Amino acid sequence: MKVMPTLEGGLRIDIESSSDWLVLEQIPSDAVEEKRFSLPEELADLMDDGAEWDDLVVPELADLFTGQVDHVAEAVARASENGDGESGELFILSDDAGDWYGALNQARLALESRWGFSGDEEGDSLAGAPPQKRSAFIRSQFYLVLQGLLLDYAMD
């Protein structure tokens with residue numbers, strides 16, 4: 001997989017194998033995989049009880065976050081339909097960068113909640129970890145890099 005900036009201020013992702021498609025398709029499922037993890041509820045726990053965060057803000061955040069994940073899922077599905085199963089391309093326009101950034105962030109937070117990667121930045125402690133944890137760590141690092149590229153090239 002190659003990711004590069006476009007002249008229009010977005011990103012172009014060249015998919016070179018079926019495993020590249022799998023990584024992109026994992027973004028939405030990683031973001032919602034952990035049923036115990038809900039970013040709006042996590043944020044609500046940080047607020048004062050009297051702030052009415054649960055009633056006023058959580059539903060709106062939940063809709064926003066669901067919309068971001070749905071947007072990414074639809075973009076990946078459209079790109080996959082236009083690809084040949086092995087290769088293809090996906091464009092992230094600057095107008096879509098916020099949704100992508102948000103979905104990637106949700107995916108990384110959910111993976112962290114599930115696997116507890118804190119302190120595993122170099123992956124040293126993953127040598128004996130189960131394959132699922134190693135795979136989740138690699139995806140989390142990819143999501144982080146993609147977020148950085150979005151900030152550098154696609155977001156104002």
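These figures come from a predicted structure and were not determined experimentally. Numbers given for residues are sequential positions, taken from 1 along each chain in its written order. Given that this is a predicted model, residues contribute local features only at a pLDDT of at least 70 and side-chain atom pairs are listed and counted only at 80 or more, while totals for whole chains, interfaces and linings are drawn from all residues. Neither water nor hydrogens contribute to the side-chain values; these are computed over all heavy atoms in the structure.

With respect to the sheet that holds strand S1 (residues 2–5)
- Pairing is antiparallel in the open sheet, where three strands are placed in the order S1-S2-S3. Edge positions in the sheet fall to S1 and strand S3 (88–92), since each has one partner strand and no second. Between one strand axis and the next, the sheet turns through 20° on average, direction left out of account.
- Pairs of strands are assigned from DSSP output, requiring at least two bridges between the strands. Put simply, DSSP marks the helices as runs of H or I at least four residues long and the strands as runs of E at least two long, and each gets a number from the N terminus on. Strand direction decides the pairing type here: strand S2 (residues 11–15) and S3, joined by five bridges, are antiparallel. Bridge pairing in S3 places Leu11 opposite Ile92.
- Packed onto the sheet, helix H6 (residues 131–153) meets S1, S2 and S3 and runs at close to 145° relative to S2. Here the axes come from fitting lines to C-alpha atoms, over the contacting stretch only for helices, and the angles between their N-to-C directions go from 0 to 180 degrees. Whether two residues are in contact is decided by their heavy atoms, any of which lying within 4.5 Å being enough.

Side note on the pattern of salt bridges
- The salt bridge criterion pairs a side-chain nitrogen of Lys or Arg with a carboxyl oxygen of Asp or Glu, the two atoms within 4 Å. Counted according to the given criterion, the structure contains four salt bridges.
- One salt bridge in this structure joins Asp14 and Arg12, with 2.7 Å as the shortest N-O distance.
- Partly exposed residues are those whose accessible area sits between 20% and 50% of the maximum for their type, while under 20% is buried and over 50% is exposed, using a 1.4 Å probe and protein chains only. Accessibility expressed as a relative area gives 15% for Asp14, which makes it buried.
- For Arg12, a relative accessible area of 28% corresponds to the partly exposed category.
- The closest approach of N and O atoms between Arg12 and Glu89, which form a salt bridge, is 2.9 Å. Of this pair, Arg12 sits in strand S2 while Glu89 sits in strand S3, and the two are 77 residues apart along the sequence.
- Linked through salt bridges whose partners overlap, the residues forming this network are Arg12, Asp14 and Glu89.

So, to be careful, I would describe these as geometric facts and stop short of saying anything about function.
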